[in-house]
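Analysis of the macromolecular model
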Amino acid sequence: MAGAQVFLFEGDATRERVKEILPAPGVTLPQKRDDLDQTVFRLKVVHINDLHGHVVRFHTEPAIPVFSRIVHRIRRLRAQARETENMAVLALSAGDDLVGTVLDELLGEDPASYEMHAGYRLYSAAGIDASTVGNHDLDMGSELLAHAIRTDAHFPILSANLTGSRYLQDAYCPAALFVVQGVRIGVIGLSTPAAVKPQADTGLHVVNPVQVAHNILPAIRPLADVLIVLSHLGYNLQSTTGSVSEAGDVELAQSLPPRSVQLIVGGHTHHVLNEQGLTANNIVNGIPIVQAGTLGTFVGEVDIMLRNGCAAVTNARLTPTANLAVDEEFEAEIVQPIVRKTEPYFVEPLGTVDDHPDLTTDAVRNLFSSEESALANFITDALVYRTRANGYNVDFAAIDTSCIRCGLPTGGHLVFSDWFRIMPFPDAIRLCWLTGRQLQELLDDNARRADRPDEPHTERGFLQFSHHVRYTIELGQSRAAASAVDISLNDRPIEEQWERSFLMACSNFTRRPARSWEAFARRYYEPRIFDLTQLPHLDPHLFLRDELVTYIKEKGGVTEAGGARRDGRVRFI
């Protein structure tokens, strides 16, 4: 924020209400500007969220600029602010600033192999003022995140409800105060307790965000003329585009005193809010909520006017990033040198790909949940093999399309970037215990999730299994009547193994995209949903993509000999 003073708050707001904020020795907190009640001041908040490293569109050749367009807009607004009295621009990111492109590889596996956090380095060069900690920001572990913050984030990383990490201590703050032209702008960060991958950092804990907001907000409110919550909680508890736990932005706003904050800048659930202007349903308890989709598709802008001693949002909308001009200098001098560092990863050879129709993107997107899949067979069998190789004696594996975004270029050579496009997110492997009886219930539930020839396809969380599980799906006359029959596990009928306990390997993200359908199904009929989240589980700190890449290299590619074939493990009637 050009010309701003920045005050960072320290301390733990997770345990009890903050009674007093004490300035550090030699620091004087600013008082309210004398003439502010007689002056009109405009604060422009530029916001992004959930870029996941999509600073360019990697799937095109050449890559299409994304972040450089956002930078062009920020710089243009800041140039306008420099020429306009009583105007300032604040640029915020609501988290998940990496994890989802090949740029992740530049993080390395630990501080010793670290090269850079591309998101933080680019944000620093662009002048982003603050970001909050998203769940995916923790995917690579808190030790690596702490190193990335200290190395590349030349702006505050905020989270008031993240506590207990032995690595992140002093790497982030609960809140910050920006002072520009005498106007005090407080920003409080909040992180979601949902979808945080298991950590070796066992002390790491994400506390209920509503509780923490009530602990810290009363202490900061008197110090700020404008107060903003920078949130990675997700929109609300009913959101189906991301896992929301304990509270989303809506529930947070409902819990706060009316108009106690001027704005909640949100992320996590990838909602496209206020595309054509601030809508009434996104004003909760007098508090506007904004969010800008995902992957840099939109950039959000909010105007906050201070006049007559009051501050209020007067305008909010989203602009498609594709409609913005490119900052050619930033793209050439900052973005492209970083993108070029990924080239060795893109072209790393993994083997070959057979010319099999099941391996194509069309098959993944149209047939995965209605037929046996050679690609799913390859992945599930590989998952069992690699998990056992790591010392876990799993009995079988299952996957759904949450970990498969597309198919492969068939009949040729396979490189790392091809597999990265299939699995762009570092989903972790989860091990779940279930009995034979529960497996039968899971397979019956799975039959009811299968795509049917007379219904539109949507994500229902249909699972494909490793070769250890063999069964037939009888679709029946209706979805509710579908069932699994002739089930065997390791060549023994499941009825003979109902009381045995088995260990299943899957992704920790399994069936999360299906929550929208599950909510619908529970309302309109009774499909007897099998809830995987209720199974006892172990998280072995293994990443699905890493283990699959290791398997592919060992087998020389994705081939019939390596398991990319149909073998009749599931039949549809």
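What you are looking at is a predicted structure, and each value in this text was computed from that prediction instead of being measured. Positions within a chain are numbered from 1, following the residues in the order the chain's sequence is written. A pLDDT threshold of at least 70 governs which residues receive local features in this predicted model, and a stricter bar of 80 or more applies before side-chain atom pairs are shown or counted, although totals over entire chains, interfaces and linings include all residues. Here the side-chain values reflect all heavy atoms present in the structure, with hydrogen atoms and water set aside.

**Regarding the pattern of salt bridges**
We define a salt bridge as a contact between a side-chain nitrogen of Lys or Arg and a carboxyl oxygen of Asp or Glu at a distance within 4 Å. Under the definition given, this model contains 32 salt bridges. Taking the shortest distance from any N to any O, the salt bridge between Asp381 and Arg569 comes out at 3.0 Å. One end of the pair, Asp381, is in helix 9 (residues 374-389); the other, Arg569, is in the loop between strand 28 (557-558) and strand 29 (570-572), and 188 residues separate them in sequence. Of the residues examined, Asp381 reaches a relative accessible area of 15% and is grouped as buried. The classification of residues rests on relative accessible area computed with a 1.4 Å probe and restricted to protein chains. Under 20% of the type maximum is buried, over 50% is exposed, and intermediate values are partly exposed. We classify Arg569 as buried; its relative accessible area is 2%. Each of Arg42, Lys44, Arg73, Glu301 and Asp303 takes part in one network of salt bridges that share partners. Under the DSSP-based scheme used, a helix requires at least four consecutive residues in state H or I and a strand at least two consecutive residues in state E, with every element numbered from the N terminus.

**Observations concerning the sheet that holds strand 20 (residues 412-415)**
Strands are labelled as partners when DSSP assigns at least two bridges between them. One open sheet accounts for 3 strands, arranged 20-18-28; its pairing is mixed. Looking along the sheet, the strands with just one partner apiece sit at the ends: strand 20 and strand 28. Inspection of the sheet shows strand 18 (residues 349-353) paired to strand 20 by 4 bridges, in the antiparallel sense. Bridging across to strand 20, Gly351 finds its partner in Leu414.

**What about the environment of Thr472?**
In this structure, Thr472 sits in strand 23 (residues 469-474). Taking relative accessible area as the criterion, Thr472 reaches 5% and is therefore assigned buried. Note: C-alpha distance between Thr472 and Phe572 (100 residues apart in sequence) is 6.0 Å. In this analysis, two residues are considered to be in contact whenever any of their non-hydrogen atoms come within 4.5 Å of each other. Among residues more than four places away in sequence, those in contact with Thr472 are Ser483, Ala484, Val485, Asp486, Arg571 and Ile573.

**A short note on the sheet that holds strand 19 (residues 396-399)**
The sheet built from 5 strands is open, its strands ordered 22-19-26-21-27 with mixed pairing. Each edge of the open sheet carries a strand with a single partner, namely strand 22 (464-465) and strand 27 (537-538). Where strand 21 (residues 429-435) meets strand 27, 2 bridges bridge the pair, whose relative direction is antiparallel. If you follow Cys432 over to strand 27, its bridge partner there is His537. Where helix 9 meets the sheet, it contacts strand 19, strand 21, strand 22 and strand 26 (501-507), and its direction lies at approximately 135 degrees from that of strand 19. A fitted line through C-alpha atoms represents every axis, and for helices the fit uses only the stretch in contact; the resulting angles, taken between N-to-C directions, go from 0 to 180 degrees.

**As for the nonpolar core**
Buried together is how nonpolar side chains tend to be arranged in soluble globular proteins. Working definition of a nonpolar core: buried Ala, Val, Leu, Ile, Met, Phe, Trp, Tyr and Cys residues. They are joined through side-chain atoms within 4.5 Å. In this structure, Phe67, Leu168, Ile379, Ile404, Trp419 and Val558 are the most contacted members of the largest nonpolar core, which totals 88 residues. Considering each element in turn, this core owes the most residues, 7 residues, to helix 9. When neighbours within four sequence positions are excluded, Leu168 is seen to be in contact with Leu138, Ser142, Leu145, Ala146, Ile149, Arg150, Leu162 and Leu204.

**Quick word on the packing of helix 1 (residues 67-82) against helix 2 (residues 118-126)**
The interhelical angle for the contact between helix 1 and helix 2, taken along N-to-C directions, is 25 degrees, at an axis separation of 10 Å. If you check the angle between helix 1 and helix 2, you find them roughly parallel. The two elements helix 1 and helix 2 cross, and the hand of that crossing is right-handed. The residues of helix 2 that touch helix 1, namely those facing Phe67, Val71, Arg75 and Arg78, are Leu122, Tyr123, Ala125 and Ala126. Three categories are distinguished: nonpolar for Ala, Val, Leu, Ile, Met, Phe, Trp, Tyr, Cys and Pro, charged for Asp, Glu, Lys and Arg, and polar for the others, with Gly belonging to the last. A breakdown of the residues in the contact of helix 1 with helix 2 according to their chemical character gives 6 nonpolar, no polar and 2 charged. With respect to orientation, any angle under 35 degrees is reported as roughly parallel, any angle over 145 as roughly antiparallel, any angle of 65 to 115 as roughly perpendicular, and every other angle as oblique. In a left-handed crossing the near helix is turned counterclockwise from the far helix by less than a right angle, and in a right-handed crossing that turn is clockwise.

**Brief notes about the packing of aromatic side chains**
The aromatic pairing rule takes the rings of Phe, Tyr and Trp, using the six-membered ring of Trp, and pairs them if the centres are within 6.5 Å, calling planes under 30 degrees apart stacked, those over 60 edge-to-face and the rest tilted. Taken as a whole and assessed by the stated rule, the structure comprises 10 aromatic pairs. Their ring planes at 90 degrees and their centres at 6.1 Å tell us that Phe465 and Tyr471 sit as a pair that is edge-to-face. With respect to burial, Phe465 and Tyr471 carry one shared label: buried. Among the aromatic side chains, those forming a connected cluster through ring pairs are Phe67, Tyr120, Tyr123, Phe155 and Phe330.

**Quick look at the packing of helix 2 against helix 3 (residues 142-152)**
Viewed as axis vectors pointing N to C, helix 2 and helix 3 meet at an angle of 25 degrees, and their least axial separation amounts to 9 Å. Taken together, the axes of helix 2 and helix 3 are roughly parallel relative to one another. Crossing angle aside, the handedness with which helix 2 passes helix 3 is right-handed. On the side of helix 2, the interface is formed by Tyr120, Arg121 and Ser124, while helix 3 contributes Leu145, Ala148, Ile149 and Asp152. Residues belonging to the contact of helix 2 with helix 3 are distributed by class as follows: 4 nonpolar, 1 polar and 2 charged.

**Remarks on helix 2**
Listed in full, the buried residues belonging to helix 2 are Ala118, Gly119, Tyr120, Leu122, Tyr123 and Ala126. Tucked into the core, helix 2 has its buried residues touching strand 2 (41-48), helix 1, strand 5 (87-93), helix 3, strand 7 (157-158) and helix 6 (328-340). Where helix 2 terminates, the next one or two residues include Gly127, which has phi positive at roughly 85 degrees.

**Here's the deal with the state of the cysteines**
The criterion for a disulfide is a pair of cysteine sulfur atoms lying within 2.5 Å. Under the defined criterion, the tally for this structure stands at 0 disulfides. Between Cys506, a free cysteine, and Cys432, which holds the nearest cysteine sulfur, the sulfur-to-sulfur gap is 4.1 Å.

**As for helix 3**
Taken as a whole, helix 3 has its buried residues at Ser142, Leu144, Leu145, Ala146, Ala148, Ile149 and Asp152. Residues of helix 3 that are buried sit in contact with helix 2 and strand 7.

**Some points on the environment of Ser501**
With respect to the helices, strands and loops of the structure, Ser501 is situated in strand 26. Placed 497 residues apart in sequence, Ser501 and Ala4 show a C-alpha to C-alpha distance of 61 Å. Not counting residues within four places of it along the chain, the set of residues in contact with Ser501 comprises Trp433, Leu434 and Thr435.

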